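# Structural features, examined
Here are the chains, one letter per residue:
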Amino acid sequence: MSEPAGDAKLEVKQASKEVKESENAAEKFSAMTVSKNSEMNMGELSAAFSAVPTHKPVKKQIQFVEEKQEFSRFPTKAGRRSLSRSISQSSTDSYSSAASYTDSSDDETSPRDKTQVNSKGSSDFCVKNIKQAEFGRREIEIAEQDMSALISLRKRAQSEKPLAGAKIVGCTHITAQTAVLIETLVALGAQCRWTACNIYSTQNEVAAALSEMGVAVFAWKGESEDDFWWCIDRCVNTEGWQPNMILDDGGDLTHWVYKKYPNVFKKIRGIVEESVTGVHRLYQLSKAGKLCVPAMNVNDSVTKQKFDNLYCCRESILDGLKRTTDVMFGGKQVVVCGYGEVGKGCCAALKALGAIVYITEIDPICALQACMDGFRVVKLNEVIRQVDVIITCTGNKNVVTRDQLDRMKNGSIVCNMGHSNTEIDVASLRTPELTWERVRSQVDHVIWPDGKRVILLAEGRLLNLSCSTVPTFVLSITATTQALALIELYNAPEGRYKQDVYLLPKKMDEYVASLHLATFDAHLTELSDEQAKYLGLNKNGPFKPNYYRY
């Protein structure tokens, strides 16, 4: 082999010298660290590291085969397709977007096209796969462990059967927690037929478990709009069975019965509604003089507002966003539209993670509360170009318009925590110039002609129940409230409730709360006779007037 010449010879010689210096320094460092009788102070440690020479590699520049490429601000069309494929292939299978673990089924056949029979020989149901019933049963049993108050109510009232003769048609989210409520109603004597109030929130295995038990369930995750209304109709319109009670979440079931089956609607003994949207619809019917049955407004009961709306959303907003986007919130600029109980819960969670939170509000009282809580109240147009995330919680429509979506920056996230999918103008995004790419379950990239992407979650539907789960304990509070409202309306003597919308009696709110205190080993202080007389209260409650704001 010939000896290297010129510059190459000097580089080799220099490299050999540096290697030798490195070895000597390493030996010195090793001797100091392994010696048991010597202690190394920070100065010695620093000297040891400084003795290791830092030098440039022999090759002064690494040359790649391919030419150096510049990254453009937005990916090209081909790059977008490649990126979309890589994301969807690597993430869709490994991340569950909602409570159901059976969403990845390869069976694309619509449940409407299947003939399924449960172990009792009944086919009066329509779910994704009845064979998932055993797994769904385990989900329900897990939920029962954190719904002790509802189970306690079931055990207390089971012998009396207060809902004997009740035929309840329900339209709610079909989850393990809702299943505990449905099975409680059945245990109290009711016959139930059930459908889903959201096309994305159904846990398929839970729907199968309920169907196996004998409850006529018509729901599956990923229904189309046509499926949604077909399922509602199948619950109501069945031979030999006519509902006399409605449990609704959003008002769609009530609206369907009112419009399509007016004779059935007139014979309903009571409606229980748990959402802002549904309650708003009931008050509209009442104001127009078209509400011919009494209705219970569960949404505005204290146990729903303060626990389901506030504390539940405080936890589930982050769960839904993290599962779908893996976003880090520290330093992110977030707009929360609406500072009611849902908005308050969302803001508290986001602020705790270091997000910069803005509020939009129409109500001066809620706006003032937001200011006092340390948030800046703005108009959406003032911050639309700079924010990273928009969350709607108003129950209104067109809160985020196409014009505002056009002005959002690349990579912004848009989602909804209200019941209805009307808050974000999603329909305006389904135009030829915009491209939709599904990158995960319930996660769409809407791509503008210039390459800008806006990340839309759950197609503008309810984020937490579409993309994640909600705390079981909080749902126990709401479910117990719903059960008591149904019992109250069904058993109320004629004349107690007129054709109007009512709030849950305060005493019932307090009873629901007391049932859940045992979970925390909480002990209430009892009033003495003298104290009760001084306050003008019954020792057993109610302890606050109806106008009291908790």
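Per chain, residue numbering runs from 1 following the sequence as it is written. Residue-level local features of this predicted model are given only where pLDDT is at least 70; pairs of side-chain atoms are given and counted only at 80 or more, and the full residue set underlies all totals for whole chains, interfaces and linings. Side-chain numbers here rest on the full set of heavy atoms in the structure, without hydrogens or water.

If you check an unreviewed UniProt entry, the chain appears there as Adenosylhomocysteinase from Menidia menidia. UniProt positions are given in the numbering used here, feature names are shortened, and annotations may be inferred rather than shown by experiment. Quoted verbatim from the Sequence similarities (unreviewed entry) heading of the UniProt record, the comment on the chain is "Belongs to the adenosylhomocysteinase family." The heading Catalytic activity (unreviewed entry) in the UniProt record of the chain holds the text "S-adenosyl-L-homocysteine + H2O = L-homocysteine + adenosine".

An ideal rise of 1.5 Å per residue puts 18 Å on 13 residues; helix α4 (residues 133-145) measures up with 19 Å between its terminal C-alpha atoms. Regarding α4, the residues found buried are Ala133, Gly136, Glu139, Ile140 and Ala143. End-on, the buried residues of α4 take up no more than an arc of 110°, which puts them together on one face. Counted as exposed and oriented over 90 degrees from the buried face of α4: Glu134, Ile142 and Gln145. Going along the chain from the N terminus, every DSSP run of H or I of four or more residues is numbered as a helix, and every run of E of two or more is numbered as a strand. Helices are assigned an expected span. That span is 1.5 Å times one less than the residue count. Note on exposure labels: buried denotes an accessible area under 20% of the residue type's maximum, exposed denotes more than 50%, and partly exposed covers the range between, all computed with a 1.4 Å probe on protein chains only. The directions considered for the arc run from the helix axis to the C-beta atoms.

Once that is clear, we can look at the packing of helix α12 (residues 302-325) against helix α18 (residues 472-491). Note on geometry: axes are C-alpha line fits, over the in-contact stretch for helices, and angles between N-to-C directions span 0 to 180 degrees. Viewed as axis vectors pointing N to C, α12 and α18 meet at an angle of 155°, and their least axial separation amounts to 9 Å. One element, α12, and the other, α18, form an angle in the roughly antiparallel class. The hand of the α12/α18 crossing is left-handed. Only Val474, Leu475, Ile477, Thr478 and Thr481 of α18 make contact with α12, whose side of the interface consists of Thr303, Lys304, Phe307, Asp308 and Cys312. For classification purposes, an angle smaller than 35 degrees is called roughly parallel, one larger than 145 roughly antiparallel, one from 65 to 115 roughly perpendicular, and anything else oblique. By the definition used in this description, the sense in which the near helix is turned from the far one sets the handedness, with an anticlockwise turn below a right angle giving left-handed and a clockwise turn giving right-handed. When checking whether two residues touch, look at their non-hydrogen atoms; a contact exists if any pair is within 4.5 Å.

The rule for a salt bridge is simple: a side-chain nitrogen of Lys or Arg has to be within 4 Å of a carboxyl oxygen of Asp or Glu. Applying the stated criterion to the full structure yields 21 salt bridges. Close ionic contact of arginine 138 with glutamate 134 constitutes a salt bridge, the shortest N to O distance being 3.8 Å. Residue arginine 138 and its partner glutamate 134 are both found in helix α4; the two are separated by 4 residues, about one turn of the helix. Glutamate 134 sits in the exposed class, given a relative accessible area of 60%.

Next up on the list: the side chain of glutamate 459. For glutamate 459, the position within the fold is in the loop between β14 (453-457) and α17 (463-467). Distance and chemistry together define a polar contact, namely a pair of N or O atoms within 3.5 Å, with one atom able to donate a hydrogen and the other to accept it when in protein, and with adjacent residues in sequence counting only for side-chain atoms on both sides. At a separation of 3.1 Å, a polar atom in the side chain of glutamate 459 contacts the side chain of arginine 430. Within the structure, the side chain of glutamate 459 is placed 3.2 Å from the side chain of arginine 438, a separation counted as a polar contact. Excluding residues that lie within four positions of it along the chain, glutamate 459 makes contacts with Tyr200, Val426, Arg430, Trp436, Arg438 and Asp444.

With that settled, the discussion passes to the pairing of strand β13 (residues 443-447). Of all the 5 residues making up β13, 5 are buried; the element is thus mostly covered by neighbouring parts of the structure. Burial along β13 is two-sided: the residues Val443, His445 and Ile447 and Asp444 and Val446 are all buried. A pair of strands is labelled paired if DSSP reports no fewer than 2 bridges between them. Pairing of strand β12 (residues 435-440) with β13 involves 5 bridges; the strand directions are antiparallel. Of the residues in β13, the one forming a bridge with threonine 435 is isoleucine 447.

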